[in-house]
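Descriptive analysis of the structure
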Amino acid sequence: MTREEAIEQFERGVRTGRAGHGYLVVGPEGPAVEFVKQAVSLMFCGTKAGKKPCGECRDCRWVEALRHPDLHWVEPEKKSRIIPVERIRALQQELSTTSFASKWKACVLVAADRLGISAANAFLKTLEEPAGDTVFFLVTDSPHSLLPTIVSRCRKVILSESGAESSEERHDALAGLLASGCRGSTVAALAAADGIEEILKKARREAEEEEKAAQERAGVEEMDKETFEARVQARYRQKRTAILRFMLLWHRDALLIVCGAGEGVLANRSAIAGLKERASRLSYRQALENIQTIEKLAANLERNIPEPAAFADAFLSLH
């Protein structure tokens, strides 16, 4: 569903007293976090007047800045990008207190799939026995990585990916690099990897600009460097995920063409010429192995293998 549809559904639940105590928000991190902020603002601001949040009051500004006293915000920490058990234990202590400015308390876990085993088990106990009017939001694009017992205790909100994809200009650039980098030439492969690296650098700059703009809108005067970098990294990872998704769909389209599928089922019909040219020189096995190469690339990036090395290895491996 779209973010607007999800908010309307959540608002009905709050208004009728049927809101759940746990929500698993599945989708790209950026849109998912924006949904959660809007939902929390609705809890703290909108419910006071039986309407949607105004976006301008103290409660809404506090939520946007992640400074509301009844909002408990948890993100993966430092370079390990893990939510440690110590943070969950501290969270349990925080939630045991009464709310300050609202009858509600909201607890948000961003990238909830990054809970360690001990942290996940500790959080499960918190989710099973919530304190007072506490609503949990677990944000993830990898729900299969969560404990099934955690997933079963949450209502799912599956967000559509509109607005999370790269721009049309970025799509065109990626399609050109994918077509040029898969021609059996080491020079062409490395040149394409360099081109992807430039796209990623631009995405990183965009993430920084977006985070700075978000802080200005929220009236945040100063933020420590580590927190700022963590939020920029979260925005950047969303953009990188969109790039990887495009690459995967491009190679999936090539496989479909090899199998004789019509243009109507392709995800990237605007790149049909390059796709057909590429598919004409692939066997079914080679097209399938190309998809597996992109999946391996995504896994390598999750293991924090340096981007230049990971992309160069992938392009050198593509048929």
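Residues numbered from 1 in each chain as written. Predicted model: local features only at pLDDT ≥ 70, side-chain atom pairs only at ≥ 80, totals over all residues. Heavy atoms only, no water.

**Brief notes about the packing of aromatic side chains**
In total, this model carries four aromatic pairs according to the counting rule given. Both rings, one in Phe10 and one in Tyr23, keep their centres 5.3 Å apart while their planes meet at 70°; by these two values the pair is edge-to-face. You can see Phe10 sitting in helix α1 (residues 3-15) and its partner Tyr23 sitting in strand β1 (residues 22-26), a full 13 residues away along the chain. Where Phe123 meets Phe136, the ring centres are 5.6 Å apart and the plane angle is 85°; that geometry is what we call edge-to-face. Within this pair, whereas Phe123 is found in helix α5 (residues 117-128), its partner Phe136 is found in strand β4 (residues 134-140), the two being separated by 13 residues in sequence. Note on accessibility: Phe123 and Phe136 belong to one class, buried. Put simply, the rings of Phe10, Tyr23 and Phe137 pair up and form one aromatic cluster. (Phe/Tyr/Trp six-rings, centres within 6.5 Å; stacked < 30°, edge-to-face > 60°. Helix = DSSP H or I, 4+ residues; strand = E, 2+ residues; numbered from the N terminus. Buried < 20%, exposed > 50% of the residue type's maximum accessible area, 1.4 Å probe, protein only.)

**Some remarks on the nonpolar core**
Nonpolar side chains in soluble globular proteins generally cluster together in the buried interior. In this structure, Ile196, Met247, Trp250, Leu297, Phe311 and Phe315 are the most contacted members of the largest nonpolar core, which totals 42 residues. At the level of secondary structure, the elements contributing two or more residues to this core comprise α7 (168-180), α8 (186-218), α9 (225-258), α10 (272-279), α11 (284-302) and α12 (307-317). Counting residues per element, this core draws most heavily on α9, which supplies eleven residues. Apart from the residues within four sequence positions on either side, Trp250 is in contact with Ala175, Leu178, Ala179, Asn268, Ala271, Gly274, Leu275 and Arg278. One finds Val25, Phe35, Phe44 and Val110 within the second-largest nonpolar core, a separate group that totals 29 residues. (Core = buried A, V, L, I, M, F, W, Y, C linked by side-chain atoms within 4.5 Å. Contact = heavy atoms within 4.5 Å.)

**Quick look at the pairing of strand β2 (residues 71-74)**
Residues Leu71 and Trp73 of β2 are buried on one face, and the alternating residues His72 and Val74, pointing to the opposite face, are buried as well. Sheet topology places β2 next to strand β3 (residues 105-109); four bridges connect them, and they run parallel. Residue pairing across strands places Val74 opposite Leu109, the latter belonging to β3. (Pairing = 2+ DSSP bridges.)

**Points about the side chain of Lys105**
With respect to the secondary-structure elements, Lys105 resides in strand β3. Notably, Lys105 is buried but unbridged: the nearest opposite-charge side chain belongs to Asp70, and the N-O separation is 7.2 Å. Within the structure, the side chain of Lys105 is placed 2.5 Å from the backbone oxygen of Leu95, a separation counted as a polar contact. A distance of 2.6 Å separates a polar atom in the side chain of Lys105 from the backbone oxygen of Thr97. With residues up to four places along the chain from it excluded, the contact list for Lys105 reads Met43, Asp70, His72, Leu95, Thr97, Ser99, Ala131, Asp133, Thr134 and Val135. (Lys, Arg positive; Asp, Glu negative; His and termini not counted. Salt bridge = Lys/Arg side-chain N within 4 Å of Asp/Glu carboxyl O. Polar contact = N/O pair within 3.5 Å; in protein donor to acceptor, adjacent residues only side chain to side chain.)

**Observations concerning the pattern of salt bridges**
Per the stated rule, a full pass over the model turns up 17 salt bridges. A salt bridge links Glu11 to Arg15, with the shortest nitrogen-to-oxygen separation between them at 3.0 Å. Taken as a pair, Glu11 and Arg15 lie in helix α1 at a separation of four residues, close to a single helical turn. On the accessibility criterion, Glu11 (14% relative accessible area) is buried.

**Structural notes on unusual backbone geometry**
Across the chain, the bulk of peptide bonds are trans and the bulk of non-glycine residues have phi less than zero. Not every positive phi belongs to a glycine, and Ala111 is a case in point at roughly 55°. If you check the backbone angles, Asn304 has positive phi at about 65° while not being a glycine. In this fold, Asn304 is placed in the loop between α11 and α12.

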